Amino acid sequence: MSHTDASYPYFGIFLMLVLASIIFFGLVFLASKIGNSFARKNRQKLGLGIYECGPIPVKQANKINSQFFTIALIFILLDIEVVFLFPWALIFKDLAWFGFLEVFIFIVLLGVGFLYAYKKGAFVWQSIK
């Protein structure tokens, strides 16, 4: 049996990996060459400009309230809770009372965290003026 024999079980997968890699790097190289050919050759003007687009900043932009980030984090946590409840709902009948108790404890713990955030004032929006 030679090493180039196509009867190996993963030869096809390896061949697809090699071909996909060649195609990927070929497309990246091609996109790079096409982008460089259409790009402006005057880089001096680009180097002296401001980094962000838009008008030249004269003063500090509007401040973002830190409460926004707190509410965003709590929102993300509640979204993750819903993601964990979907698989549970699909196999609810198979889990019986053990599954119900498990999810009940999960929701109670999230509720305790929600009440803690409420008591700490995470949902009270304060003006930054």
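Scoring rules and cut-offs
- Residues numbered from 1 in each chain as written.
- Predicted model: local features only at pLDDT ≥ 70, side-chain atom pairs only at ≥ 80, totals over all residues.
- Heavy atoms only, no water.
- Axes fitted to C-alpha atoms, helices over the stretch in contact; angles between N-to-C directions.
- Helix = DSSP H or I, 4+ residues; strand = E, 2+ residues; numbered from the N terminus.
- Parallel < 35°, antiparallel > 145°, perpendicular 65-115°, else oblique.
- Contact = heavy atoms within 4.5 Å.
- Nonpolar A, V, L, I, M, F, W, Y, C, P; charged D, E, K, R; others polar.
- Patch = residues over 30% accessible without salt bridge, like charges linked within 9 Å, V, L, I, M, F, W, Y side chains within 5 Å.
- Areas by Shrake-Rupley, 256 points an atom, 1.4 Å probe, with all protein chains shown as cover.
- Salt bridge = Lys/Arg side-chain N within 4 Å of Asp/Glu carboxyl O.

**Student:** Describe the packing of helix H3 (residues 66-90) against helix H4 (residues 92-119), and please don't skip the residues or the numbers.
**Tutor:** Two numbers describe how H3 lies on H4: the axes approach to 10 Å, and their chain directions differ by 170°. Relative to H4, H3 is oriented roughly antiparallel. Residues Ile 74, Glu 81, Phe 84, Leu 85, Trp 88, Ala 89 and Leu 90 of H3 lie in contact with H4, whose contacting residues are Phe 92, Leu 95, Gly 99, Phe 100, Val 103, Phe 106, Ile 107, Leu 110 and Ala 117. Looking at the contact of H3 with H4, its residues break down into 14 nonpolar, one polar and one charged.

**Student:** Can you tell me about unusual backbone geometry, naming the residues and giving the values?
**Tutor:** Here Ala 96, not a glycine, exhibits a phi torsion of approximately 60°, which is positive. With respect to the helices and strands, Ala 96 occurs in helix H4.

**Student:** Any chance you could break down a nonpolar patch on the surface for me, citing the residues and the numbers?
**Tutor:** Together, Ile 64, Phe 68, Phe 69, Ile 71, Leu 78, Phe 114, Leu 115, Tyr 118, Phe 123 and Trp 125 make up an exposed nonpolar region whose accessible area comes to about 1000 Å². Contributing elements (two or more residues each) for the nonpolar patch: H3 and H4. Among the elements that line the nonpolar patch, the one with the most residues is H3, at four residues. Along the chain, Phe 114 turns up in helix H4.

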